[in-house]
Amino acid sequence: MRSTFAPLTLAALLGAAAHFGILHYAPTFIMDRAYTMLGQRGTPLHGFNLAPRMTAETQSVVRPSPDLAYSACRFDLSSAPNGVRVAMGQFSGYSSLSFFDAQTNNFRTIRGNVEAQETVLLRPAGGTPYAPVTEAEDVTHSPSQKGIILIRRLAPTEEEYVAAAKAAQGDECRAL
């Protein structure tokens, strides 16, 4: 009995350590990889890049929705100490603006039909609270220095994708 207890205890401890290590480090690894891949595909720092229409030939993840037009922006608040102005261009169909931190957490999402341009000032968490530059802007604080901002627009047809691409011209992700 004594000869099997030590190896079983060691296996259980190693399994628990591996489990908690993966839970702790995997989100950061995944977001770092996504951040790097977006940069390699031409998504600028503090600038939106509209992805081509999702088809079997253009997908880069296992199952992106072919009904959505995706625009992504990488942000790094360490190189934008005054924050980042984020604006989602006007689009009459469904759209969403989502903010993800360096651990893959979605810390803010704005959904709906955007009849007027939605503007958000993204600032670092903590420190001096900043006021909006205009009353039409609101302030969101990021829990991490780096992350990804994603705009999704419903565009199931080629015609609707063209409309989404036109709306994407009004997207802004700019360091202040």
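Numbers given to residues run from 1 along each chain, matching the order in which its sequence is written. Only residues with pLDDT of at least 70 get local features here, since the model is predicted, and only at 80 or more are side-chain atom pairs given and counted; chain-wide, interface and lining totals rely on the full set of residues. For the side-chain quantities, the full set of heavy atoms in the structure was used; hydrogens and water were omitted.

(A) Region of interest: the overall build of the protein. Counting secondary structure elements, the protein contains two helices and nine strands. Seen in sequence order, the protein has helices and strands lined up from the N terminus as α-β-β-β-β-β-β-β-β-α-β. The 176 residues of the protein split such that 35% are buried. The method behind every accessible area is Shrake-Rupley, applied with a 1.4 Å probe, and residues are considered shielded solely by the protein chains displayed. Entry remark: accessible area of the protein is about 10,300 Å², with carbon and sulfur atoms responsible for 59%. Counting from the N terminus, the helices are the DSSP runs of H or I reaching at least four residues and the strands are the DSSP runs of E reaching at least two. Partly exposed residues are those whose accessible area sits between 20% and 50% of the maximum for their type, while under 20% is buried and over 50% is exposed, using a 1.4 Å probe and protein chains only.

(B) Highlighting the pattern of salt bridges. Note on definitions: salt bridges are taken to be side-chain nitrogens of Lys or Arg within 4 Å of carboxyl oxygens of Asp or Glu. A full pass over the atoms with the stated rule returns two salt bridges. The closest approach of N and O atoms between Arg153 and Asp171, which form a salt bridge, is 2.6 Å. One end of the pair, Arg153, is in strand β8 (residues 146-154); the other, Asp171, is in the loop between α2 (158-168) and β9 (172-175), and 18 residues separate them in sequence. Per residue, the accessibility class of Arg153 equals that of Asp171, and both read buried. Residues Arg174 and Glu172 are paired through a salt bridge, measuring 2.6 Å at the closest nitrogen-oxygen approach. The partly exposed category is assigned to Arg174, whose relative accessible area is 38%.

(C) Expanded view of the confidence of the model for the protein. A residue's pLDDT is the predictor's confidence in that residue, given on a scale from 0 to 100. The pLDDT averaged across the protein works out to 80; a share of 82% of its residues lies at or above 70. Mean pLDDT across the elements of the protein bottoms out in helix α1 (residues 2-40) (75) and peaks in α2 (93).

(D) The packing of aromatic side chains, seen in detail. Each pair of aromatic rings taken from Phe, Tyr and Trp, with Trp reduced to its six-membered ring, is defined by centres within 6.5 Å and is described as stacked if the planes are under 30 degrees apart, edge-to-face if over 60, and tilted in the remaining cases. Applying the stated criterion across every chain, the model contains one aromatic pair. Ring geometry for Phe99 versus Phe107: centroids 5.9 Å apart, planes at 45°, classification tilted. Residue classification places Phe107 among the partly exposed residues on the basis of a relative accessible area of 23%. Any Lys NZ or Arg CZ found within 6 Å of a ring centre and within 35 degrees of that ring's normal is scored as a charge over the ring. In this arrangement the basic side chain of Arg153 is found over the ring face of Phe91, its NZ or CZ atom lying 5.9 Å from the centre.

(E) Molecular detail of α2. Of the positions making up α2, those classed as buried are Tyr161, Ala164, Ala167 and Ala168. All buried residues of α2 fall inside an arc of 115° around its axis, so they share one side. Turned more than 90 degrees from where α2 packs its buried face, Glu159 and Lys166 sit exposed. Residue contacts are defined here by distance: any two heavy atoms, one from each residue, within 4.5 Å place the two residues in contact. Against β1 (48-50), β2 (68-76), β4 (91-100) and β8 lie the buried residues of α2. This arc is built from the directions going out from the helix axis to the C-beta atoms.

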